[in-house]
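# Observations on the three-dimensional arrangement
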Amino acid sequence: MSVIFLKGERKDQIIQQVNIHTRMSLSELSQVLNVSEDTIRRDINDLAEEGKLIKIRGGAMSKAYHHTSQLQETYAHNSKKIIAEKMLPLIEDGMLVLIGGGTTIRELVKIIPSDLKATFVTLNPLTAVELLDKPNLEIILIGGQISRYSQMSVGGEVYQRLSELHVDLCIMGTNAIDAREGLTDSDWETIQAKKAMIKAADKIAVLAISEKMNSVMRMKIADLSEIDYFITELPPDSPLLVPYSYSGIQIL
């Protein structure tokens, strides 16, 4: 039997789902909450007016993902700090690193040592700006049309430039990850960009809070077997991570 939420409970659920997955479409929220897209649209309009999320075309985005967000607005902030601290030792002097965007990666950039010497390539303008605080990093921003969905450069020219790269390490977030279905998302252009990022790298590290685990969106980015490292805030020996270990990836 499907759960029926009262209006206030439904709005709380919308905020939670959008915070967990960064952004969600009307259709995805409609399926999760078992109400019409028109109802979801009205709720999102209300929540946007209340300043609790950001309305985007066809759905909603977490306030924490916006460039004006404050530290205290970041969902699961402590979990994302733990993930960043686990990720940091994989970055070494002299590396060529391809890095994505999002609130977990923002936490990682904050703790990169000022004396680290490496080259970082990104499709995300906000990540490029945040990296500017690190004086010894070379920063390359691959530009193009900016997706309002993912806030990253997308399009044929971007994918072509990525195909010419061979980086040591790709660091990326994901909106959904599942032991069977792998990495998934809902936006076609974002998926193509992330596929191109994966192909450009020797090693791929995926960062995600555990609440994104066991969730599946409409289109596939990659199987888990294509990933080298999966990093959550959970201990690597957590029973919740056992199904993910079957793919052979290293869990940190």
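The text that follows walks through the structure, step by step, so that each part is easy to find. (Residues numbered from 1 in each chain as written. Predicted model: local features only at pLDDT ≥ 70, side-chain atom pairs only at ≥ 80, totals over all residues. Heavy atoms only, no water.)

The topology assignment puts Gln17 in helix H1 (residues 7-21). For Gln17, a relative accessible area of 15% gives the class buried. Residue contacts for Gln17: discarding those within four places in its chain leaves Met24, Leu29 and Val32. (Helix = DSSP H or I, 4+ residues; strand = E, 2+ residues; numbered from the N terminus. Buried < 20%, exposed > 50% of the residue type's maximum accessible area, 1.4 Å probe, protein only. Contact = heavy atoms within 4.5 Å.)

A few words on helix H7 (residues 156-163). Those residues of H7 that sit buried are Val158, Tyr159 and Leu162. On an axial view of H7, the arc spanned by its buried residues comes to 95°, and they lie on one face. Every exposed residue of H7 that faces more than 90 degrees away from the buried side is listed here: Gly156, Glu157 and Ser163. Its buried side turned inward, H7 meets strand S4 (96-99), strand S8 (153-154) and helix H8 (188-199). (Arc of directions from axis to C-beta.)

Time to look at the sheet that holds strand S3 (residues 59-61). Two pairing modes exist for strands in a sheet, parallel and antiparallel, and in both the strands are linked by backbone hydrogen bonds. If you walk across this open sheet you meet the three strands as S1-S3-S2, and the pairing is antiparallel. Looking at which strands have only one partner, the edges of the open sheet turn out to be strand S1 (23-25) and strand S2 (54-56). Adjacent strand axes in the sheet meet at a mean angle of 25°, parallel and antiparallel pairs treated alike. With three bridges connecting them, S2 and S3 associate as antiparallel partners. When the bridges of S3 are listed, Lys55 appears paired with Ala60. (Pairing = 2+ DSSP bridges. Axes fitted to C-alpha atoms, helices over the stretch in contact; angles between N-to-C directions.)

For the rest of this paragraph, the subject is the pattern of salt bridges. Pairs may arise between side chains of opposite charge once their charged atoms sit close together. Under the criterion given, the structure shown has eight salt bridges. Put simply, Glu50 and Lys11 hold a salt bridge, and the shortest N to O gap is 3.8 Å. Here Lys11 lies in helix H1 and Glu50 lies in the loop between helix H3 (37-49) and S2, a separation of 39 residues in the sequence. A residue is classified by how much of its surface remains accessible, and Glu50, at 42% relative accessible area, is partly exposed. Under the relative-accessibility criterion, Lys11 is labelled buried at 13%. For the salt bridge of Asp38 with Arg41, the shortest nitrogen-to-oxygen distance reads 2.7 Å. Of this pair, Asp38 and Arg41 both sit in helix H3, separated by three residues, roughly a single helical turn. Owing to a relative accessible area of 45%, Asp38 belongs among the partly exposed residues under this scheme. You can call Arg41 partly exposed: its relative accessible area is 35%. Here the residues in one salt-bridge network are Lys11, Asp46, Glu50 and Lys52, joined through shared partners. (Salt bridge = Lys/Arg side-chain N within 4 Å of Asp/Glu carboxyl O.)

Attention shifts here to the packing of aromatic side chains. Counted under the stated rule, the structure contains one aromatic pair. Seen from their ring centres, Phe230 and Tyr244 are 5.4 Å apart, and the 40° between their planes marks the pair as tilted. Of the two residues, Phe230 sits in strand S14 (residues 229-231) while Tyr244 sits in helix H9 (residues 242-245), which places them 14 residues apart along the sequence. You'll find Phe230 and Tyr244 in the same group, each marked buried. (Phe/Tyr/Trp six-rings, centres within 6.5 Å; stacked < 30°, edge-to-face > 60°.)

This brings us to the packing of helix H4 (residues 77-87) against helix H5 (residues 103-111). Here H4 crosses H5 at 55°, and the two axes come no closer than 8 Å. Between H4 and H5, the interaxial angle falls into the category oblique. For H4 against H5, the interelement crossing comes out right-handed. When H4 is examined against H5, the residues His77, Lys80, Lys81, Ile83, Ala84, Glu85 and Met87 are found in contact with a partner set consisting of Thr103, Thr104, Glu107, Leu108 and Ile111. (Parallel < 35°, antiparallel > 145°, perpendicular 65-115°, else oblique. Left-handed = near helix turned anticlockwise from the far one by under 90°.)

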